[in-house]
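Report on the structure
One letter stands for each residue in the lines below.
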Amino acid sequence: MSSTIETTTAGAATGRPRRGVPPAKHANATTLWNAVPWTLPALILIFGVVLFPAGYMIFNSTRKISVAGVDHGSVGLQNYITVLSRPETPGILLNTFVWVVSVVAITVVISLALAQFLDKNFPGRRWVRMAIIVPWAASVVMTTTVFVYGLDPFYGIINKFLVDIHVLAQPFGFTKEPVPAFLSSIAIAVFVSLPFTTYTILAGLAGIPGDMLEAAKVDGAGAVRSYFGVTLPNLRAAIALASLINIINVFNSLPILKLMTGTIPGYKADTTTTYVFKLLQNEQRIDLSSALSVINFLIVLVVVALYLWIVKPMKEVS
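Residues numbered from 1 in each chain as written. Predicted model: local features only at pLDDT ≥ 70, side-chain atom pairs only at ≥ 80, totals over all residues. Heavy atoms only, no water.

**What to know about the overall build of the protein chain**
If you tally the helices and strands in the protein chain, you get 14 helices and two strands. Looking at the 318 residues of the protein chain, the share that counts as buried comes to 35%. Split by element, the accessible area of the protein chain, about 19,700 Å² in all, is 71% carbon and sulfur. (Helix = DSSP H or I, 4+ residues; strand = E, 2+ residues; numbered from the N terminus. Buried < 20%, exposed > 50% of the residue type's maximum accessible area, 1.4 Å probe, protein only. Areas by Shrake-Rupley, 256 points an atom, 1.4 Å probe, with all protein chains shown as cover.)

This is the structure we're talking about:
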């Protein structure tokens with residue numbers, strides 16, 4: 001009895017594991033197994049909704065699949081080579097770059113101004129904030145459909161309004177030509193992305209200590225200098241978060257471009273996401289559309305990794 005007590009005391013004094021106490025590794029394993037029943041439904045859902053479809057898509061991208069859906073065997077990376085070597089691919093990649101950069105950049109700039117305005121006290125601020133969130137609460141398909149009908153050259157109310165205020169001499173077919181339809185899609189995407197970005201930046205503004213702004217005023221800094229010297233640097237985390245999520249959402253966005261440019265022949269108004277849809281719907285090439293989907297996924301990973309690599313030093317400096 002006394003020897004056991006001495007051994008236990010000695011173990012506690014030396015910091016070594018005592019006899020009869022399970023190692024930390026064994027305890028962690030037990031905790032993990034105890035958590036399995038609680039996490040199993042989520043794991044099954046992730047496997048069924050994300051992992052299995054993604055794996056099957058990668059598998060299809062390496063197969064030769066006929067229009068009828070018959071698998072003729074493996075072709076390795078030939079589907080990737082075929083997609084990337086198509087004559088329309090460079091233009092589609094350029095469209096994708098312009099689409100993502102334009103929408104995200106314009107959205108962030110406008111959201112910064114909106115957030116700064118909504119951060120002030122003024123009569124009816126609550127109602128204005130509620131109005132800002134409406135485009136986010138509404139369906140993207142529904143919002144885009146409203147613009148599609150509004151921009152119609154024959155009965156569109158937006159077209160008629162632009163003619164009435166003499167911006168246009170006559171109704172213009174915004175959805176009939178590739179460039180106007182693409183630019184109109186960018187405007188709609190910005191409109192849809194504004195609420196989330198604005199509220200994210202607004203949350204960042206709420207987290208800026210008032211003492212910092214007061215100190216800047218005491219030091220003689222004006223409104224512009226205080227904004228760029230104090231407010232904007234403290235919004236880097238909020239801007240980084242909003243930009244990252246917008247990059248992913250805009251890159252993978254299909255409804256806006258599909259509704260606005262879907263009736264235009266050719267690929268002059270397409271991005272890689274709408275190109276996947278056309279390969280699947282128009283050409284019925286499951287193998288090529290799967291290969292392009294994998295390429296899209298890799299592009300998103302690279303863009304997100306580069307963005308985080310650029311943003312991280314900026315956070316450390318601030």
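**A word on the nonpolar core**
Judged by nonpolar contacts, the single largest core of 38 residues is most densely connected at Trp-99, Val-100, Val-103, Leu-112 and Leu-235. Listing elements by their share of this core, those giving two or more residues are helix H4 (89-118), helix H8 (178-206), helix H11 (236-251), helix H12 (255-261) and helix H14 (286-317). Considering every element that reaches this core, the biggest residue donor is H8, with 10 residues. Each residue touching Leu-112, except ones within four places of it in the same chain, is listed here: Ile-201, Tyr-227, Leu-232, Leu-235 and Ile-239. (Core = buried A, V, L, I, M, F, W, Y, C linked by side-chain atoms within 4.5 Å. Contact = heavy atoms within 4.5 Å.)

**Quick look at the packing of aromatic side chains**
Applying the stated criterion across every chain yields a total of eight aromatic pairs. A ring pair is formed by Tyr-56 and Phe-59, whose centres lie 6.3 Å apart and whose planes are at 25 degrees; its orientation type is stacked. With Tyr-56 and Phe-59 both in helix H2 (residues 24-60) and three residues apart, the pair spans about one turn of that helix. Exposure remark for Tyr-56: the relative accessible area of 47% places this residue in the partly exposed category. Summarising the aromatic geometry, the rings of Tyr-149 and Tyr-155 are spaced 6.4 Å apart at their centres and angled 35 degrees between planes, so their arrangement reads as tilted. Judged by its relative accessible area of 49%, Tyr-149 falls in the partly exposed class. A network of ring pairs unites the aromatic residues Phe-47, Phe-52, Tyr-56 and Phe-59 as a single cluster. (Phe/Tyr/Trp six-rings, centres within 6.5 Å; stacked < 30°, edge-to-face > 60°.)

**Concerning empty space enclosed by the protein**
It is the rolling of a water-molecule-sized probe over the atoms that shows where space remains empty. In total, this model carries one cavity of 30 Å³ or more according to the counting rule given. For the largest cavity, the full set of lining residues is Val-83, Leu-84, Thr-89, Ile-92, Leu-93, Thr-272, Tyr-275, Leu-292 and Ile-295. Breaking the lining of the largest cavity down by element, the ones donating at least two residues are helix H3 (78-84), H4, helix H13 (272-281) and H14. Per element, the largest residue contribution to the lining of the largest cavity is three residues, and it comes from H4. (1 Å grid on protein atoms, 1.4 Å probe; cavity = no way out; pocket = protein on both sides within 12 Å on 5 of 7 lines; lining within 4 Å. Points joined across faces, edges and corners; volume = space filled by probe spheres on them.)

**A closer look at the packing of helix H5 (residues 125-137) against H8**
Axis separation between H5 and H8 bottoms out at 6 Å; the angle between their running directions is 130 degrees. On the basis of the axis angle, H5 is oblique to H8. The two elements H5 and H8 cross, and the hand of that crossing is left-handed. From H5, Arg-129, Met-130, Ile-132, Ile-133, Pro-135 and Trp-136 reach across to H8, where they touch Phe-191, Pro-195, Phe-196, Tyr-199 and Leu-202. The residue inventory of the contact of H5 with H8, partitioned by class, reads 10 nonpolar, no polar and one charged. (Axes fitted to C-alpha atoms, helices over the stretch in contact; angles between N-to-C directions. Parallel < 35°, antiparallel > 145°, perpendicular 65-115°, else oblique. Left-handed = near helix turned anticlockwise from the far one by under 90°. Nonpolar A, V, L, I, M, F, W, Y, C, P; charged D, E, K, R; others polar.)

**Let's talk about unusual backbone geometry**
A positive phi angle is found at His-166, which is not glycine, with a value near 65 degrees. Within the secondary structure, His-166 sits in the loop between helix H7 (157-164) and H8.

**Quick notes on the packing of H4 against H5**
The geometry of H4 relative to H5 is characterised by a closest axis approach of 11 Å and an angle of 155 degrees between their N-to-C directions. What the angle tells us is that H4 and H5 run roughly antiparallel. Both H4 and H5 take part in a crossing whose hand is left-handed. Facing H4, whose interface residues are Leu-114, Phe-117 and Leu-118, H5 presents Arg-125, Val-128, Arg-129 and Ile-132. Residue classes in the contact of H4 with H5 are distributed as five nonpolar, no polar and two charged.

**A word on H13**
Owing to its 3.6 residues per turn, the α-helix brings residues three or four apart onto one side. Across the 10 residues that make up H13, a large majority, seven, are buried. For H13, the set of buried residues is Thr-272, Thr-273, Thr-274, Tyr-275, Val-276, Lys-278 and Leu-279.

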